Amino acid sequence: MTNMTNPANRTHLVTGATGTVGRQVVAELLRLGRPVRALTRDPARAALPDGVEVVRGDLTDPDTLRAALDGVTGLHLITFGDAYFTPLETGPRIVELAREAGVRRITVLNGGGPTPLEDAVRAGGIDWTVLMPVEFMGNALEWADGIRADDEVREPFTGRLSAMVHEGDIGAVAAVALTEDGHAGQEYVITGPEVLTVRDKVEAIAAARGREIRLVELSEAEAVERWRAEGRPQDVIDFLLEVYGDTPEVGRTVLGTVEKVTGRPARTFAQWAGTHAAAFRA
């Protein structure tokens, strides 16, 4: 790998590239015809599209990024370092290496609040854009087993509201921010085009798969019992009770960020359900 002086010819490094959002950032950069390099701990299992340069690296060990950053103009970062969402403490070194490599733009996928890595990026002297998506449409895949087995969704607080966003739209906003001027210093709250209840989502999935689904509302106590049985820690249970019982305004307010940044409307949950219908069929 060698540095290229023309920024248009330089590559874009996507960390968290095998994750829900990272894969979409990779896909959008490819669609734009930009060179893409994907960072992962296990390249052999990455299963990324042809044309992606897959490299080994670990954000918890920043010096493993030195080679991966060679020739990079745009860098997409996540703020957690493992499956348990432990905030990364290595941000200052990652940003230092990015500056040395000549990185011109960084996007950060916000983890739901302030994190050391995001703080380091904001203070690091490189143009940054923070992506702040609300609930992912892909969270509905958690219902797939119950729908396939019993034609049923069991959830508490079924009247809760969500302006949930398609993961592909998060990736599209990231790709534009990495490749175009005008997005430095922006905090983009990214939502879908409509506010939905749990029933709205279930009905959209039922329509997409061509078979009805029963919605069973759990009491708060029943939900807590289920979450504990699934092994969720108490802090996660407390968080779910808080956001499901009283969804923050930001999570249930539609914004036009996707269209403003990408020039096209945000995708609907019905579109998402149509794409993923097979996951809900027995």
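Look up: the structure comes first, before these words.
Presented here is an overview of the structure given in this document.

Some remarks on the overall build of the protein chain
And then number 1: The helix and strand tally for the protein chain stands at 10 helices and 9 strands.
And then number 2: Against the compact-globule benchmark of 19 Å for 282 residues, the protein chain has a radius of gyration of 20 Å, which places it among compact chains.
And then number 3: Along the first, second and third principal axes, the C-alpha set of the protein chain runs to 60 × 35 × 35 Å.
And then number 4: Pairs at least 24 residues apart make up 73% of the contacts formed inside the protein chain by residues separated by at least 6 positions.

Side note on the sheet that holds strand E2 (residues 36–40)
And then number 1: With respect to topology, 7 strands assemble into an open sheet ordered E3-E2-E1-E4-E5-E6-E8, the strand pairing being parallel. The outermost strands of the open sheet, each flanked by one partner alone, are strand E3 (52–56) and strand E8 (186–190). Averaged over all adjacent pairs, the angle separating strand axes in this sheet is 20°, with direction ignored.
And then number 2: As paired elements, strand E1 (residues 11–14) and E2 share 3 bridges and run parallel to each other. By the bridge assignment, His12 is partnered in E2 with Val36.
And then number 3: The strands touched by helix H5 (residues 167–179) within the sheet are E1, strand E4 (72–77), strand E5 (105–109), strand E6 (127–133) and E8, with E5 carrying the most contacts at an inclination of about 160°.

Quick word on the packing of helix H1 (residues 20–31) against H5
And then number 1: Relative to each other, H1 and H5 sit at 55°, their axes nearing to 7 Å. Taken as axis vectors, H1 and H5 run oblique relative to one another. When you trace H1 past H5, the crossing you get is right-handed. Contact residues: H1 offers Thr20, Val21, Gln24, Val25, Glu28 and Leu29, while H5 offers Glu167, Gly168, Ile170, Gly171, Ala172, Ala174, Ala175, Leu178 and Thr179.
And then number 2: Taken together, the residues of the contact of H1 with H5 sort by class into 8 nonpolar, 5 polar and 2 charged.

Brief notes about the nonpolar core
And then number 1: Core analysis: the biggest nonpolar cluster contains 27 residues, and Val14, Val25, Leu29, Val173 and Ile190 have the highest contact counts within it.
And then number 2: Mapped by element, the contributors of at least two residues to this core are H1, E2, H5, E8 and helix H9 (257–262).
And then number 3: For this core, the element with the highest residue contribution is H5, accounting for 6 residues.
And then number 4: Ignoring any residue separated from it by four or fewer positions in sequence, one finds Leu29 in contact with His12, Val14, Arg34, Val36, Ala175, Leu178 and Thr179.

Concerning the pairing of strand E7 (residues 152–156)
Consecutive side chains of a regular strand alternate in pointing toward one face of the sheet and then the other.
And then number 1: In terms of residue burial, E7 counts as a mostly covered element, since 4 of its 5 residues are buried.
And then number 2: Judged from the 5 bridges that link them, E7 and strand E9 (residues 214–218) form a sheet pairing that is parallel. Its bridge partner being in E9, Val153 is matched across the sheet by Leu215.

Some details on the pattern of salt bridges
And then number 1: Applying the stated criterion across every chain yields a total of 22 salt bridges.
And then number 2: Here Arg31 ties to Glu28 by a salt bridge, and the two come within 3.1 Å at their closest N and O atoms. Placement of both Arg31 and Glu28 in helix H1 is noted, with a separation of 3 residues, approximately one turn of the helix.
And then number 3: Across the salt bridge formed by Glu152 and Arg154, the nearest N and O atoms sit 3.5 Å from each other.
And then number 4: Owing to a relative accessible area of 18%, Glu152 belongs among the buried residues under this scheme.
And then number 5: Judged by relative accessible area, which is 39%, Arg154 ranks as partly exposed.
And then number 6: Put simply, Asp63, Arg66, Arg93, Glu96 and Glu100 are held in one network by salt bridges that share partners.

Section: the packing of helix H7 (residues 220–229) against helix H8 (residues 234–245)
And then number 1: It is the contact of H7 with H8, at a shortest axis distance of 10 Å, that shows an interaxial angle of 145°. Viewed along their axes, H7 and H8 form a crossing whose handedness is right-handed. Residues Glu220, Val224, Trp227 and Arg228 of H7 pack against Gln234, Ile237, Leu240, Leu241 and Tyr244 of H8.

Some remarks on a negative patch on the surface
And then number 1: Side chains of Asp235, Asp238, Glu242 and Asp246 sit close together on the surface and give a patch of like negative charge.
And then number 2: Turning to its location among the elements, Asp238 is positioned in helix H8.
And then number 3: Its relative accessible area of 40% is what places Asp238 among the partly exposed residues.

About the criteria used
Residues numbered from 1 in each chain as written. Predicted model: local features only at pLDDT ≥ 70, side-chain atom pairs only at ≥ 80, totals over all residues. Heavy atoms only, no water. Helix = DSSP H or I, 4+ residues; strand = E, 2+ residues; numbered from the N terminus. Rg over C-alpha atoms; globule rule 2.2 N^0.38 Å. Contact = heavy atoms within 4.5 Å. Pairing = 2+ DSSP bridges. Axes fitted to C-alpha atoms, helices over the stretch in contact; angles between N-to-C directions. Parallel < 35°, antiparallel > 145°, perpendicular 65-115°, else oblique. Left-handed = near helix turned anticlockwise from the far one by under 90°. Nonpolar A, V, L, I, M, F, W, Y, C, P; charged D, E, K, R; others polar. Core = buried A, V, L, I, M, F, W, Y, C linked by side-chain atoms within 4.5 Å. Buried < 20%, exposed > 50% of the residue type's maximum accessible area, 1.4 Å probe, protein only. Salt bridge = Lys/Arg side-chain N within 4 Å of Asp/Glu carboxyl O. Patch = residues over 30% accessible without salt bridge, like charges linked within 9 Å, V, L, I, M, F, W, Y side chains within 5 Å. Areas by Shrake-Rupley, 256 points an atom, 1.4 Å probe, with all protein chains shown as cover. Lys, Arg positive; Asp, Glu negative; His and termini not counted. Charge placed at Lys NZ, Arg CZ, Asp CG, Glu CD.

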